[in-house]
Every structure is written in C-alpha cells, then in structure tokens.
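Here is how the chains run, residue by residue.
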Amino acid sequence: MAMPRITIIGAGLGGALLACQLGKAGYRVDLCERREDPRREGFIGGRSINLAISRRGLTALKRADLDEKVLKEAVQMPGRMIHAADGSVAYQPYSRVAGHAINSVSRSSLNLLLLEAAASYPNVELRFECRCVDVDIEATAVTFERGSERTPLRIDSDLIVGADGAYSVIRDTLRKNERFDYEQSFLTHGYKELEIPPVESGRFAPFAIEPKALHIWPRGSAMMIALPNKEGSFTCTCFWPFEGEHGFDQLRTDEQVLRHFQRHYGDVLESMPTLLDDFRNNPVGSMVTIRCRPWHVNRVTLLGDAAHAIVPFYGQGANAAFEDCGVLVDSLRNNKGDLDRALLEYEQQRIENAEAIADMAIENFIEMRDHTGRASFRAWKKVEKRLHAIMPTRFVPLYDMISFSNIPYADARRRWRNQLLTLRIVIGILCLLVLFLLFLFIGG
C-alpha cells in the first residue's frame, strides 16, 4: 500500500519539522509556504522573539536527527540574571540539577536549518510563493496561487496539515463548520525587539554581559529580557503595555526613549548603541492566546500556533509545536490505514496539554514581570530546590517538569498542584503539633 500523501501548509518551525519527521518515516510530503524561499537570502525576516529550546524541543528534533546540529548553534542558559532598578543583579539557577539549561536559538537560523533538512528527503517537495486560496475539506484538496503571476495550483492529498501560524487560513476554513469552538485573547502588552551587539573587549567578550543566562529587567507592569546569540549579540525584547504608564505610547521622541531607558534600564544602556535606531525602526508586535477545538475536520488538521498560539513567557511555543509533530507522526504510525482514528488520537493527546501550557505561559508572565525581583520569590525558589534535593522524586519544581522533562504539560500542572497541597497539609500538621506541644508544656 502506498504511503499517504500529506500536504503541510506553512513552512515555519512546526511545519518544517513535521516535514522532516514525515519524510524520514517515508510519507510523500508537499510543504507549501506563501513566502519566498528564505534559503536564497540565508535569513528569514520579520519580527521574532528568540527561542528557548528545552528538553521537549530537543526530543522532537532528535527524532529527525537534528538535535546535535541545533545545540551547536545554541547558547546554553542554566539560569536567569535579574537586573534590579538600582542596578544590582542576582543570578537564579533554573534547577538544582547540574546540566539543566534552556538553549537560546535564533528563530531564523533554526527555521533555515529545518528547511534544509526537509529538502534533503527525496519524498518531500518544498513549494514557496504558494498562497492558499481555497481548501476543499471534503476532497482533501488545496488550491494555491503561485508567484507574482498567481498561477493556479491544486494539490490533492490524503491529509492536510495547517501549520500556518496564529492567523491560520486553514483554521479559518475549519471555523466555518458547525460545532467548531474558537477563542482568541490578546495581552494588553506588546513587544518590541532591540539589540545588544557584540563587543571587542571586556569580561565576557564578545558578549557585552553574562552570556550563560536569560537576562530579565522586571519593572512591575513591564519588563525587558535579553537572550544571547552564538556570535556574541543579545536579542532584547521589551514587553510593555501598549498604553499608559511604561507604555509604548508614552515614548514618541528620541529624548523620551533615552530618558526612559536611563531611568529603568540604565545598567545596560551603554551596551545598546543602536537603541534609538532599533526603537524607531522595529515595530510593536501583539501577543495572542488562541484556543480551538476540534483540531480536525475530516482529514484536515491543525498543528502548532494554528491550533494553540500561546504567549512566549514560558519559552514553550516552539517546544509545544515540536511535540505536536511527534504525537501526530506517532498517531499516524499507530493507526496505519485509518487516518480518521489517527487524527482523533492526536487531538485527544494534545488539546488538554496545549490549553495547560497556554495558562501557565500567562501565569509565568506575571511571575517574570512582578515576582522575580522580590526577596520572597528568591527565598521560595531556594525552598523549592531544597525540597527537591531532599525528595528528588516526590517534590519536583514545576519549571523542571516543564523545561527539563517530557511529562505532559497537563500532568505536570496537576502534579505540581498536588505537591503544593501535600506541602500545605504537612505544614499544617506540623503547626498543629507545635501548638499541641506548647499547650501541654504550658498546661503542665
């Protein structure tokens, strides 16, 4: 029996990795993308927040024999460097376990690597400048317009995968069906990218600041982060309200921008010589959480941001999309000849976990923005690590489960809540015991 033909719409991170995994498994794949082929220029433009690839993403990349290649281009970040408003810094390791680190990776470089890998499979065909204009769900066919001439192209396949991002055309087609639930929620905050370029001399040269950390400047209603790049630069991202105090709308002139950074980010200002140009030229992006169900109608399904866009504050957007790829490929393998059952299995495994990480990403934004600079937060993190050291299998911090394991997101959240409940009960019992002993001592 011939292997099914699968059409993937969207050659971003999730679509490109899925093409690699399917290509390796022997499927016939058409990977279609509306943009021009970025391999010609060697760079993928557009707005981008640096990726933090962790265990889940590496596990998925390993399935396509790409994990080691990605790690060679990554910078390991075993902890956070918190920059207080007074200029002081404090390092917070992510885990007590040696070797646990998240990996800073350029989105553009990773996407190019994945596209090159997908193109290496003879059963995978990459098609660029293909704008999707119609999806026939009943016939499992997609019609495109190609190039500037808008030449029509129809591809008939056995399965269509919409990996075309948060503003998915494929999802919009599925939304026209009855009983398709859809919800989107934008943050009141946006983001703008800035840069800390490499330096020729200094303690961390070619890096201007400590490279083995994710840098955070928490400022209450706003924050800035910086992730290192292999060549010595840092990609900085300002997460600020669109409007109001510390908002993007408050900074309209170069003088206002400089004054704002001197006041709130003064310790790094000298390392940002292109600040004014970057601030003027780089747009403000929006951040959205998208939930929908079902993820498939007939033999058309969704993957990655098209199914579950999340905000970037747990560093799990790409990791979650990469997990989708592995689950979908496994479901196809486990249900050979039954695509309908395979899609249902894929969806059942992923929807609950996608919704869990969406919630946790929003919660982590509040933690990063409001709590990381507080002494009480640092104290609690020390308690977490101490409990983990005493009970390494019974008490595992949530961050460890999310970033350094493959425990399903929803299971990790449930386990963490149960651990906290047990901890509260134990503390309550100990407090009652102390009160009882005091009562006996005083009464005696």
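Residues numbered from 1 in each chain as written. Predicted model: local features only at pLDDT ≥ 70, side-chain atom pairs only at ≥ 80, totals over all residues. Heavy atoms only, no water.

Participant: What exactly am I supposed to notice about the packing of helix α1 (residues 13-25) against helix α9 (residues 317-334) here?
Facilitator: Taken N-terminus to C-terminus, the directions of α1 and α9 make an angle of 30 degrees; their axes are 9 Å apart at the nearest point. Taken together, the axes of α1 and α9 lie roughly parallel to each other. For α1 against α9, the interelement crossing comes out right-handed. Residues Leu-13, Gly-14, Leu-17, Leu-18, Gln-21 and Leu-22 of α1 form the contact with α9, whose participating residues are Ala-318, Phe-322, Cys-325, Gly-326, Leu-328, Val-329 and Leu-332. Of the residues contributing to the contact of α1 with α9, the split by class is ten nonpolar, three polar and no charged. (Axes fitted to C-alpha atoms, helices over the stretch in contact; angles between N-to-C directions. Helix = DSSP H or I, 4+ residues; strand = E, 2+ residues; numbered from the N terminus. Parallel < 35°, antiparallel > 145°, perpendicular 65-115°, else oblique. Left-handed = near helix turned anticlockwise from the far one by under 90°. Contact = heavy atoms within 4.5 Å. Nonpolar A, V, L, I, M, F, W, Y, C, P; charged D, E, K, R; others polar.)

Participant: In this structure, what is going on with the pairing of strand β16 (residues 234-241)? I would like to understand it.
Facilitator: On a regular strand, each side chain points to the face opposite its neighbour's, so the side chains alternate between the two faces of the sheet. By the criterion of burial, β16 is predominantly enclosed, with eight of the eight residues buried. In terms of strand pairing, strand β13 (residues 181-196) meets β16 through eight bridges, oriented antiparallel. Within the sheet, the bridge partner assigned to Gly-190 lies in β16 and is Trp-240. Note: strand β15 (residues 223-228) against β16, six bridges, orientation antiparallel. Residue pairing for β16: Leu-227 is matched across the bridge by Thr-235. (Buried < 20%, exposed > 50% of the residue type's maximum accessible area, 1.4 Å probe, protein only. Pairing = 2+ DSSP bridges.)

Participant: Quick question: what am I supposed to make of the nonpolar core here?
Facilitator: Here is a general trend for soluble globular proteins: nonpolar side chains tend to be buried in one another's company. Membership of the largest hydrophobic core comes to 70 residues, with the highest contact counts inside it found for Ile-8 and Leu-17. If near-sequence neighbours (up to four positions away) are discounted, Leu-17 is found in contact with Ala-60, Leu-61, Ala-64, Leu-66, Leu-114, Phe-322 and Cys-325. With 40 residues, the next largest nonpolar core counts Ala-52, Tyr-191, Val-311 and Ala-358 among its residues. (Core = buried A, V, L, I, M, F, W, Y, C linked by side-chain atoms within 4.5 Å.)

Participant: Is there a simple way to explain the sheet that holds strand β7 (residues 102-105) in this structure?
Facilitator: The pairing of strands in a sheet happens through backbone hydrogen bonds and is either parallel or antiparallel. Taking strand neighbours across the sheet as the criterion, the three strands line up as β3-β7-β4 in an open arrangement whose pairing is antiparallel. The sheet is open, and its two edges are formed by β3 (51-53) and β4 (75-77), each paired on a single side. Geometrically, the sheet is characterised by an average inter-axis angle of 40 degrees between neighbouring strands, direction not taken into account. Bridge analysis of β3 against β7 gives three bridges, and the strand direction is antiparallel.

Participant: Help me understand the packing of α1 against helix α2 (residues 55-63) in this model?
Facilitator: At their nearest, the axes of α1 and α2 sit 9 Å apart, and the two run at 40 degrees to each other. Taken together, the axes of α1 and α2 are oblique relative to one another. When α1 is examined against α2, the residues Leu-17, Gln-21 and Lys-24 are found in contact with a partner set consisting of Ala-60, Leu-61 and Arg-63. Residues that form the contact of α1 with α2 fall into these classes: three nonpolar, one polar and two charged.

Participant: Teacher, can you tell me more about unusual backbone geometry here?
Facilitator: Excluding glycine, residues mostly have negative phi values, and the peptide bonds linking residues are mostly trans. Note that the residue after Ala-205, namely Pro-206, is joined by a cis bond; omega there is 10 degrees. Considering the arrangement of structural elements, one finds Pro-206 in the loop between β13 and β14 (214-218). Cis geometry is adopted by the peptide bond preceding Pro-294, which originates at Arg-293 and carries an omega value of 0 degrees. Of note, Pro-294 is situated in the loop between β17 (285-293) and β18 (296-297). At Arg-150, a residue that is not glycine, the phi angle is positive and equals roughly 55 degrees. Tracing the sequence through the fold places Arg-150 in the loop between β10 (141-146) and β11 (151-156).

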